[in-house]
Amino acid sequence: MRHTPNFSHRRAVLLHRPDSNTDKLVRQLKLLGLVVEMIWEPLPVGDAPDIVLVDADQGWDGLLPWKSADEAPCPVVALLGTEAPSRIAWALEQGAGAILAKPINPSAVFPALVMAHARHEERIALRERLAHLEERLKLRPVVHAAVKLLMQKRGISEEDAYAALRSVAMQQRQTVEAIAAALATGTMKLPETG
């Protein structure tokens, strides 16, 4: 279940040139408890704020130190004066997790921040899941070797060998790959077959 983030005392960077929308937006962000800094220069690499709001109409090429949405280290909200699908798609590709239409409607600021935060959390979870799957894929040859070892030592079918590995993995509360690696290194005895 998603939780509503608390933005109090978080650092927000507003990449925006001053205009009629700026004061209203900054005031609303401060009401939400954010510490707001407004600049129109590239964000320093390694100094990511808690959230970035960027004026997509003024173009942000070169302002964000990451190359794609997957690399964004914090939630991003794009400010757009036009709802043209191509502009929205471009902003989303650049890492925006939410779009805030201009002129700024104060009641839309909090939902946009929440949406950007939720999308950023989803990206982090997906990155972690992919890293986990990649690690498991690297260990697949070890699993196949353990299955062959079980088949040879116990004289069981390939299906039964996989079932034995899964059973031990569930009992030990580990992945099949971890059990296979333990069998391959000799730190675990072969499971008994029933």
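Structure: see above.
Residues numbered from 1 in each chain as written. Predicted model: local features only at pLDDT ≥ 70, side-chain atom pairs only at ≥ 80, totals over all residues. Heavy atoms only, no water.

Draft legend 1. Main features of the pairing of strand E3 (residues 51-55). The element E3 is largely enclosed, with a buried count of five among its five residues. Judged by which residues are buried, E3 turns out to be covered on both faces: Ile 51, Leu 53 and Asp 55 on one side and Val 52 and Val 54 on the other are all buried. With four bridges connecting them, strand E1 (residues 11-15) and E3 associate as parallel partners. Each bridged residue has a counterpart across the sheet, and for Leu 14 the counterpart in E3 is Leu 53. (Buried < 20%, exposed > 50% of the residue type's maximum accessible area, 1.4 Å probe, protein only. Helix = DSSP H or I, 4+ residues; strand = E, 2+ residues; numbered from the N terminus. Pairing = 2+ DSSP bridges.)

Draft legend 2. The arrangement of the packing of aromatic side chains in detail. For the structure on display, the rule yields one aromatic pair. Note on Phe 7 and Phe 110: the rings are 6.0 Å apart at their centroids and 85° apart in plane angle, and the pair reads as edge-to-face. Taken together, the positions of Phe 7 in the segment before E1 and Phe 110 in helix H3 (residues 106-138) put the pair 103 residues apart, joining distant regions of the chain. On the basis of relative accessibility, which here comes to 3%, the residue Phe 7 falls in the buried class. (Phe/Tyr/Trp six-rings, centres within 6.5 Å; stacked < 30°, edge-to-face > 60°.)

Draft legend 3. Expanded view of the pattern of salt bridges. Within this structure, the stated rule accounts for two salt bridges. The partner of Lys 102 in a salt bridge is Asp 55, and the shortest N-O contact between them spans 3.0 Å. Taken together, the positions of Lys 102 in the loop between strand E5 (98-101) and H3 and Asp 55 in strand E3 put the pair 47 residues apart, joining distant regions of the chain. Given a relative accessible area of 0%, Asp 55 falls into the buried group. (Salt bridge = Lys/Arg side-chain N within 4 Å of Asp/Glu carboxyl O.)

Draft legend 4. Fine view of the sheet that holds E1. Strands sit in the order E2-E1-E3-E4-E5 across an open sheet of five strands; the sheet is parallel. Whereas interior strands pair on both sides, the edge strands pair on one side only; in this sheet they are strand E2 (35-39) and E5. Averaged over neighbouring strand pairs, the angle between their axes works out to 20° when direction is ignored. Of the strands in this sheet, E1, E2, E3, strand E4 (76-80) and E5 touch helix H1 (residues 20-31), which is tilted by about 155° from E2. Contacting E3, E4 and E5, H3 runs over the sheet at an angle of about 165° to E5. (Axes fitted to C-alpha atoms, helices over the stretch in contact; angles between N-to-C directions. Contact = heavy atoms within 4.5 Å.)

Draft legend 5. Representation of the pairing of E1. Burial within E1 is extensive, with four of its five residues counted as buried. Two elements, E1 and E2, share five bridges in a ladder whose sense is parallel. Across the sheet, Val 13 pairs through a bridge with Glu 37, a residue of E2.

Draft legend 6. Structural detail: helix H5 (residues 158-172). Helix length check: H5, at 15 residues, gives a terminal C-alpha distance of 21 Å against a target of 21 Å (1.5 Å per residue), a fit within 8%. Within the sequence span of H5, burial applies to Ala 161, Tyr 162, Ala 164, Leu 165, Val 168 and Ala 169. The buried residues of H5 occupy an angular sector of 155° when projected down its axis, which confines them to one face. Pointing more than 90 degrees away from the buried face of H5 are the exposed residues Glu 159, Met 170 and Gln 171. (Expected span 1.5 Å × (residues − 1). Arc of directions from axis to C-beta.)

Remember, this is a structural readout, not a statement about activity or role.
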